[in-house]
Amino acid sequence: MNPLAMMMFLTSLAIGTTITLLSHHWLLAWIGLEINTLALLPIMTKTPHPRAIEAATKYFLTQATASALMLFSCLINAMQAGEWDINTPSNLMTNSLSIAIMMKLGLAPMHFWLPEVLQGISLVTGLILSTWQKIPPMILLFQISHNINLSLTVILGLTSVLIGGWGGIGQTQIRKIMAFSSIGHLGWIIIILKLNPQLSLFNFILYTIMTTAMFLSMIMLSATKMSQISTSWTKNPALTTTTMLVLLSLAGLPPLTGFPPKLLIIMELIKQNMFISATLIMLASLLTLFFYLRLTYIIALTLSPNTHNSTIWRTPTKPWLVFSIINTMALTLLPLTPAILLT
């Protein structure tokens, strides 16, 4: 793709996100989301492969449906309340608006598009879709969190964690595994949204950091399948080790970065006397833990017999500084959790 065109599309992504983040008006927020969607479509199809075209088509149809439902809900709200202000949604439109935004995020049971779309695009575009594209809808959810239906968030959160673990178990493609991982993490974020929006935001920030670290690792290893990961030790032992630790961090094992949000969410659910929800989400997250441990096993405890024991790292020169900072944050933020929550 022409670098000028790529820069224009990336700038449009940034502008669309900024418009949504700064808007107090539902129509402006909707316009920002549409700019985001339309800017990502050419990036998804920059390699004219049938799978990329199919992924872009599925993404466009899903996002268009969610946008139509969102605009319809906003129009109903404007008719009832007489204004378009984001902070004053009516009870009638809050549920439909929440479902539209959750469809944009890829929460279960509106998740069917996410694994297929992520599988059909490149790792770099997958990184944008899994992190940057989730910021505007998530911020809108935070803004209406005080009016959102608690039963809706708990049911969709539990369903997402369950499907995120169940769907990822049988996968061999890393992009599909990351898609189901994203669904599971979003379930953890949504289930606590009504009760503690600050904790949801904290969890979302850590999810973004860990997912970015994982995608950057895959980009540097040029790995899209489990079989390619198993041969990565001879290419770059240090990178393979940090990739294994990032996977364990995504799984939520202590003392890594992924542990504090899960611990704090469970504590908050127990504090709100939601013992059944806390038990169910912990049991459902065991499914997610299984496929993370399987990936870790393939990385750390298997070595392909077809590769020679070379001590030369064959990875070309890449932006190691950015990667090192993101990886460090994805592994070592546990001691800083109290300071982050108090700011």
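Residues numbered from 1 in each chain as written. Predicted model: local features only at pLDDT ≥ 70, side-chain atom pairs only at ≥ 80, totals over all residues. Heavy atoms only, no water.

Participant: Looking at this structure, I do not really get the pattern of salt bridges. What am I missing?
Facilitator: When the charged atoms of two side chains with opposite charge come close together, those side chains can pair. Counted according to the given criterion, the structure contains three salt bridges. We note a salt bridge from Lys 176 to Glu 116, for which the minimum N-O separation is 3.4 Å. A residue pair is termed long-range when its members are at least 10 positions apart, and Lys 176 in helix 9 (residues 174-191) and Glu 116 in helix 5 (residues 113-120) qualify at 60 residues. For Glu 116, a relative accessible area of 36% corresponds to the partly exposed category. Of the charged contacts in the structure, one is a salt bridge between Glu 268 and Lys 271, with a shortest N-O distance of 3.4 Å. Within this pair, Glu 268 and its partner Lys 271 are both found in helix 13 (residues 259-271), separated by three residues, close to a single helical turn. A relative accessible area of 9% means that Glu 268 is categorised as buried. Residue Lys 271 is classed as exposed on the basis of its relative accessible area, which comes to 60%. (Salt bridge = Lys/Arg side-chain N within 4 Å of Asp/Glu carboxyl O. Helix = DSSP H or I, 4+ residues; strand = E, 2+ residues; numbered from the N terminus. Buried < 20%, exposed > 50% of the residue type's maximum accessible area, 1.4 Å probe, protein only.)

Participant: How should the environment of Leu 118 be read in this particular structure?
Facilitator: With respect to the helices and strands, Leu 118 occurs in helix 5. With 74 residues separating them in the primary sequence, Leu 118 and Met 44 have C-alpha atoms 9.7 Å apart. If sequence neighbours within four positions are ignored, Leu 118 has contacts with Gly 126, Leu 129, Ser 130, Arg 175, Met 178, Ala 179 and Phe 215. (Contact = heavy atoms within 4.5 Å.)

Participant: Got a minute to help me understand helix 13 in this structure?
Facilitator: Residue pairs three or four apart in sequence face the same way in an α-helix, which turns once every 3.6 residues. Compared with an ideal rise of 1.5 Å per residue, which puts 13 residues at 18 Å, helix 13 spans 18 Å between its outermost C-alpha atoms and is within 8% of the ideal. Here helix 13 has its buried residues at Pro 260, Pro 261, Lys 262, Ile 265, Ile 266, Glu 268 and Leu 269. Elements in contact with the buried residues of helix 13: helix 9, helix 10 (197-221), helix 12 (237-251), helix 14 (275-301) and helix 16 (337-342). Two residues or fewer after helix 13 comes Asn 273, characterised by a positive phi angle close to 65°. (Expected span 1.5 Å × (residues − 1).)

Participant: Would you mind showing me how to read the packing of aromatic side chains here?
Facilitator: The relative placement of two aromatic rings is captured by the distance of their centres and the angle of their planes. Enumeration according to the criterion identifies three aromatic pairs in this entry. Considering the side-chain rings of Tyr 59 and Trp 113, the 5.7 Å spacing of their centres and the 55° angle between planes classify their relative orientation as tilted. Taken together, the residues Tyr 59 in helix 3 (residues 50-81) and Trp 113 in helix 5 connect sequence positions 54 residues apart. Across the pair, exposure class does not vary: Tyr 59 and Trp 113 are buried alike. Note that Lys 262 overlies the ring of Trp 188, its terminal NZ or CZ placed 5.3 Å from the centroid. (Phe/Tyr/Trp six-rings, centres within 6.5 Å; stacked < 30°, edge-to-face > 60°. Lys NZ or Arg CZ within 6 Å of the ring centre and 35° of its normal.)

Participant: Even after reading the chapter, I still don't get the UniProt feature "transmembrane region" (unreviewed entry) in the protein, so can you show me in this structure?
Facilitator: UniProt's feature table lists "transmembrane region" (unreviewed entry) at residues 121-144, 150-170, 177-195, 201-224, 236-254, 274-299 and 320-341, given in the numbering used throughout. Structurally, residues 121-144 is divided into 71% helix and 0% strand, and its ends, taken at the C-alpha atoms, are 32 Å apart. Note that residues 236-254 is 79% helix and 0% strand, and that its end C-alpha atoms are spaced 25 Å apart. (UniProt positions renumbered as here; feature names shortened; annotations may be inferred.)

Participant: Even after reading the chapter, I still don't get the packing of helix 6 (residues 123-130) against helix 10, so can you show me in this structure?
Facilitator: Packed helices, taken two at a time, are described by the angle their axes make and the gap between the axes. Where helix 6 meets helix 10, the closest approach of the two axes is 10 Å, and the angle between their N-to-C directions is 175°. One finds that helix 6 runs roughly antiparallel with respect to helix 10. Contacts from Leu 123, Val 124, Gly 126, Leu 127 and Ser 130 of helix 6 reach helix 10 at Tyr 207, Thr 211, Thr 212, Phe 215, Leu 216, Met 218 and Ile 219. Partitioning the contact of helix 6 with helix 10 into residue classes produces eight nonpolar, four polar and no charged. (Axes fitted to C-alpha atoms, helices over the stretch in contact; angles between N-to-C directions. Parallel < 35°, antiparallel > 145°, perpendicular 65-115°, else oblique. Nonpolar A, V, L, I, M, F, W, Y, C, P; charged D, E, K, R; others polar.)

Participant: Got a minute to help me understand the side chain of Ser 285 in this structure?
Facilitator: Examined against the element boundaries, Ser 285 turns out to sit in helix 14. We classify Ser 285 as buried; its relative accessible area is 17%. A polar side-chain atom of Ser 285 sits 2.7 Å from the main-chain carbonyl oxygen of Met 282. Setting aside chain neighbours within four positions, we find Ser 285 in contact with Val 161 and Trp 188. (Polar contact = N/O pair within 3.5 Å; in protein donor to acceptor, adjacent residues only side chain to side chain.)

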